[in-house]
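Examination of the molecular architecture
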Amino acid sequence: MDTARRAFIAGIGATAALGATGSLAHPATLPERFLPQLVNTYRTDWLAGDIHVTPDDFFLYFMLDRGLAIRYGVGVGRANLYEAGTFTVQRKAEWPRWRPTDAMIRREPGRYARFADGVPGGPENPLGARALYLYDADGHDTYLRIHGTNAPATIGTAVSNGCARLTNEHVIDLYPRVEIGAQVFLYPKVNTV
């Protein structure tokens, strides 16, 4: 068994054990296709350590060696809020604090204005258990995140304000694998839902 496969199995085993303890709120039963899986992408141009999000399939690929990847199910941004592009992970946080962006508050004040001062990290926080902060080529925070969610039923849907979300258990598995400086590729949506 190669190193990548052993690391994957050990990591998923730890995640499964965590979920079984009930230590995270919001357990969910996901379709099997959205559970973390070791897959062969057959992509030699996708480099180890990078992340690729294919929004119409609702998959996030964390690349290993030789085209192998850990594939996670994700929820993505609504059609008019999803932003394709190439980004860099410049910050990571465990149980991050969350504040809706000014644009979110303007778009839906009834929903978001009450959170204008922010929400402390914890199981009820919309960013969930972990967050990866995506920056553009000029080093500016894009306010796009790859994060956990306290609404696991949204995995496999396009409902967010632009970010990619995983279940809390899955983002906890992904988080230590991703290094600061990792490249993130958010591919364009073809489907308009």
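Our structure is the block above this text.
Note that residues are indexed from 1 along each chain, following the sequence as it is written. With pLDDT at 70 or above as the cut-off, local features in this predicted model cover only qualifying residues; side-chain atom pairs require 80 or more to be listed or tallied, and sums for whole chains, interfaces and linings still use all residues. Heavy atoms from the whole structure form the basis of all side-chain values; hydrogens and water molecules are not counted.

Some remarks on the overall build of the protein
When helices and strands are counted, the protein shows four helices and 11 strands. Here the term buried applies to any residue with accessible area under 20% of the maximum for its type, exposed to any over 50%, and partly exposed to those in between, with areas from a 1.4 Å probe on protein chains only. Looking at the protein residue by residue over its 193 residues, the buried ones come to 47%. Of the contacts made within the protein by residues no fewer than 6 positions apart, 66% connect residues no fewer than 24 positions apart. A total of about 9600 Å² of accessible surface is found on the protein, and carbon and sulfur atoms cover 54% of it. Secondary structure counts use DSSP, requiring at least four H or I residues in a row for a helix and at least two E residues in a row for a strand, with both numbered from the N terminus. What makes two residues a contact is simply this: any of their non-hydrogen atoms within 4.5 Å. Areas reported here follow the Shrake-Rupley algorithm with a probe of radius 1.4 Å; residue values treat only the protein chains shown as occluding.

Thoughts on the environment of Asp56
Mapping Asp56 onto the fold places it in the loop between strand S2 (51-54) and strand S3 (59-63). Assessed through its relative accessible area of 26%, Asp56 is described here as partly exposed. When the C-alpha atoms of Asp56 and Tyr187 are compared, they prove to be 9.0 Å apart, with 131 residues separating the residues in sequence. With near-sequence residues (within four places) excluded, Asp56 lies in contact with Pro188, Lys189, Val190 and Asn191. Polar side-chain contacts of Asp56 include one of 2.6 Å to the backbone nitrogen of Val190. Counting of polar contacts relies on pairs of N or O atoms within 3.5 Å, with two restrictions inside protein: one atom must be capable of donating a hydrogen and the other of accepting it, and residues adjacent in sequence are counted only when both atoms are side-chain atoms.

Observations concerning the packing of aromatic side chains
Put simply, two rings from Phe, Tyr or Trp (the six-membered ring, in Trp's case) pair if the centres are within 6.5 Å, and we call them stacked under 30 degrees between planes, edge-to-face over 60, tilted for the rest. Within the structure shown, the criterion is met by six aromatic pairs. When the centroid spacing of 6.3 Å and the interplanar angle of 65° are considered together, the rings of Trp98 and Tyr112 count as edge-to-face. In this pair, Trp98 is assigned in the loop between strand S6 (85-94) and helix H2 (102-107) and Tyr112 in helix H3 (residues 109-112), connecting sequence segments 14 residues apart. Here the aromatic residues Phe34, Trp46, Phe59, Tyr61 and Tyr187 are joined through ring pairs into a cluster of three or more. By definition here, charges over rings are those cases where NZ of Lys or CZ of Arg is within 6 Å of the ring centre and within 35 degrees of the ring normal. Lying over the aromatic face of Tyr133, Arg91 brings its terminal NZ or CZ to 4.1 Å of the ring centre. Sitting over the ring of Tyr175, Arg130 keeps its end group 5.7 Å from the ring centre.

As for the layout of surface pockets
A pocket, in this scheme, is an open set of points on a 1 Å grid over the protein atoms alone with protein on both sides within 12 Å along at least 5 of 7 lines, while a cavity is a set where a 1.4 Å probe fits but cannot get out; residues line either one if an atom lies within 4 Å of a point. Grid points are joined across faces, edges and corners, and a volume is the space filled by probe spheres set on the points. Put simply, the largest pocket is a space of about 840 Å³. As for the largest pocket, its lining consists of 37 residues, of which Trp98, Pro100, Met104, Asn161 and Cys163 are closest to the centre. Looking at the lining of the largest pocket, the elements with two or more residues in it are H2, H3, strand S8 (141-147) and strand S9 (158-160). When grouped by side-chain class, the residues that make up the lining of the largest pocket number 17 nonpolar, nine polar and 11 charged. Residues are grouped as follows: nonpolar covers Ala, Val, Leu, Ile, Met, Phe, Trp, Tyr, Cys and Pro; charged covers Asp, Glu, Lys and Arg; every other residue, Gly included, is treated as polar.

Concerning the pattern of salt bridges
For salt bridges, the criterion is a side-chain nitrogen of Lys or Arg within 4 Å of an Asp or Glu carboxyl oxygen. As enumerated under the stated definition, the model contains eight salt bridges in all. Between Arg145 and Asp141 there is a salt bridge, and its shortest N-O distance comes to 2.7 Å. Classification of Asp141 by relative accessible area gives partly exposed; the value is 25%. A cluster of three or more residues bridged by salt bridges with shared partners is formed by Arg78, Glu108 and Arg111.

Considering the pairing of strand S7 (residues 130-135)
A large share of S7 lies buried, amounting to six of its six residues. Across the two faces of S7 the burial is the same, with Arg130, Leu132 and Leu134 and Ala131, Tyr133 and Tyr135 all buried. Where S6 and S7 come together, six bridges link them in antiparallel fashion. What sits directly across from Glu94, in S7, is Arg130. Sheet analysis places S7 next to S8, joined by five bridges and oriented antiparallel. One bridge is not enough; two strands pair if DSSP finds at least two bridges between them.

The values are spatial; any link to function lies outside them.
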